[in-house]
Amino acid sequence: MATNMAVLLSSQGRDVLLVDADEQETASDFTIIRNETLAASGGAGYTSVKLHGAAVRTDTLRLAEKYDDVVIDVGGRDTAGQRAALSIADIYAIPFLPASFDVWTLEKVSRLIEEARPFNDKLRTVCFINRADSRGQDNVEAAEIAREIPGLTYLDVPLGNRKAFRSAAAQGLGVIELKPADPKAVAELMALYRCLCDITVNSQLPALTA
Amino acid sequence: MAVRRKPASVDEFIQAGGAQPVAEKSGVSAKVMPEIQPVKMRLDADLLAQVDAAVNSRRPAPSRHQWILEAIYEKLDRETKRFDASA
């Protein structure tokens, strides 16, 4: 999600900083592949840095003024890096699977967000379904539970479980750049993007975390 | 401890994040990044074309860089096994 947002924002002419604060370093790996894939056309199109722990807060704050947008990729675990991101982000966007364990995790995240609020009064927190099922009731049931979790705003803009997202990532591309294009995947991502942009429209530091 | 006092500072809040490597808490990067040494290769154009064809035949196609890395690891793996068998 973070890499797709970074690609989308940069495609709009924005100067984007992608902060990889996830120990798995997926965003950095993605950027390495992307720089190679797009070497002939100038590389990734955004700046990527790896930060961990408290440096996610201190270094991002220092770098943020040089960019139009900052996207921070944090893992799902409660780490110092995730907390540091929560202490500075304008929006915390949480993707979750339409499955019991993922929905239950949202409640833990909700409590962490409440801990973070005293240090970041501009923080807005949203969640959305990722890898949504193409049929069945699980999406609806997961959304119902997510809506009930305090401190989280459920966005009804699910991303489907589409191969296009994986194929694009394997080539270091955003799903909007994949050829042949998957119109449904692009439409889903654009719907999420528009939702997040609406939230950040009046913000001075549109930092997104995923 | 069921009841915890509210963190007094943002630093305290951040450091309360569990699960990160201990080294990270001490300010040292937990994951020691291997030194990356760039290597410039000179390849026959036909050989490179064969590599690209192999790359493009995979679905999803890896990058050329990734494909060459895989080849290196496979070669090293074979050589290591051969050495171990003869030892």
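The shown structure was predicted, so the numbers you read here are calculated from the model rather than taken from an experiment.

A. Main features of the nonpolar core. Residues and elements named next belong to chain A. In this structure, Ile72, Tyr92, Ile94, Phe96, Leu106, Ile113 and Cys127 are the most contacted members of the largest nonpolar core, which totals 38 residues. Examining the composition of this core, we find that six residues originate from one element, helix 5 (residues 100–116), more than from any other. Discounting residues that sit within four places of it in the chain, Cys127 has contacts with Ile94, Phe96, Leu106, Ala146, Leu152, Thr153, Tyr154 and Leu155. Listed in part, the 33 residues of the second largest apolar core include Leu9, Ala27, Ala44 and Leu196.

B. Highlighting the pattern of salt bridges. All names here are of chain A. As enumerated under the stated definition, the model contains 14 salt bridges over all chains in all. Across the salt bridge formed by Glu25 and Lys50, the nearest N and O atoms sit 3.6 Å from each other. With Glu25 in the loop between strand 1 (16–20) and helix 2 (26–37) and Lys50 in strand 2 (residues 47–50), the pair connects residues that are 25 residues apart, well separated along the chain. Residue Lys50 is classed as partly exposed on the basis of its relative accessible area of 34%. Taking the shortest distance from any N to any O, the salt bridge between Arg34 and Glu177 comes out at 2.8 Å. In this pair, Arg34 sits in helix 2 while Glu177 sits in the loop between helix 7 (163–170) and helix 8 (183–200), placing the two residues 143 residues apart along the sequence. Salt bridges linked by common partners bring Asp78, Arg83 and Glu115 together as one network.

C. Representation of the packing of helix 1 (residues 2–11) of chain A against helix 8 of chain A within the structure. Residues and elements named next belong to chain A. It is at 11 Å that the axes of helix 1 and helix 8 come closest, and there the two elements cross at 75°. Between helix 1 and helix 8, the angle is such that the two are roughly perpendicular. Residues Asn4, Met5, Leu8 and Leu9 of helix 1 form the contact with helix 8, whose own contacting residues are Leu189, Met190, Leu192, Tyr193 and Leu196. Per-class residue counts for the contact of helix 1 with helix 8 are eight nonpolar, one polar and no charged.

D. Looking closely at the confidence of the model for chain B. Residues and elements named next belong to chain B. Of all residues in chain B, 71% have pLDDT values of 70 or greater, and the mean over the chain is 76. Counting contacts from residues 21–30, a segment whose pLDDT is below 50, to residues more than four positions away or on other chains yields 14 contacts. Model confidence for the complex is summarised by a pTM of 0.72, with the ipTM given as 0.74.

E. Here's a closer look at the environment of Leu8 of chain A. Residues and elements named next belong to chain A. As for its position among the elements, Leu8 is in helix 1. Separated by 35 residues in sequence, Leu8 and Gly43 place their C-alpha atoms 15 Å apart. Setting aside residues up to four positions removed in sequence, Leu8 forms contacts with Ile176, Leu189, Met190 and Tyr193.

Definitions and cut-offs
- Residues numbered from 1 in each chain as written.
- Chains lettered and ligands numbered in written order.
- Predicted model: local features only at pLDDT ≥ 70, side-chain atom pairs only at ≥ 80, totals over all residues.
- Heavy atoms only, no water.
- Core = buried A, V, L, I, M, F, W, Y, C linked by side-chain atoms within 4.5 Å.
- Buried < 20%, exposed > 50% of the residue type's maximum accessible area, 1.4 Å probe, protein only.
- Helix = DSSP H or I, 4+ residues; strand = E, 2+ residues; numbered from the N terminus.
- Contact = heavy atoms within 4.5 Å.
- Salt bridge = Lys/Arg side-chain N within 4 Å of Asp/Glu carboxyl O.
- Axes fitted to C-alpha atoms, helices over the stretch in contact; angles between N-to-C directions.
- Parallel < 35°, antiparallel > 145°, perpendicular 65-115°, else oblique.
- Nonpolar A, V, L, I, M, F, W, Y, C, P; charged D, E, K, R; others polar.
- pLDDT = per-residue confidence, 0-100.

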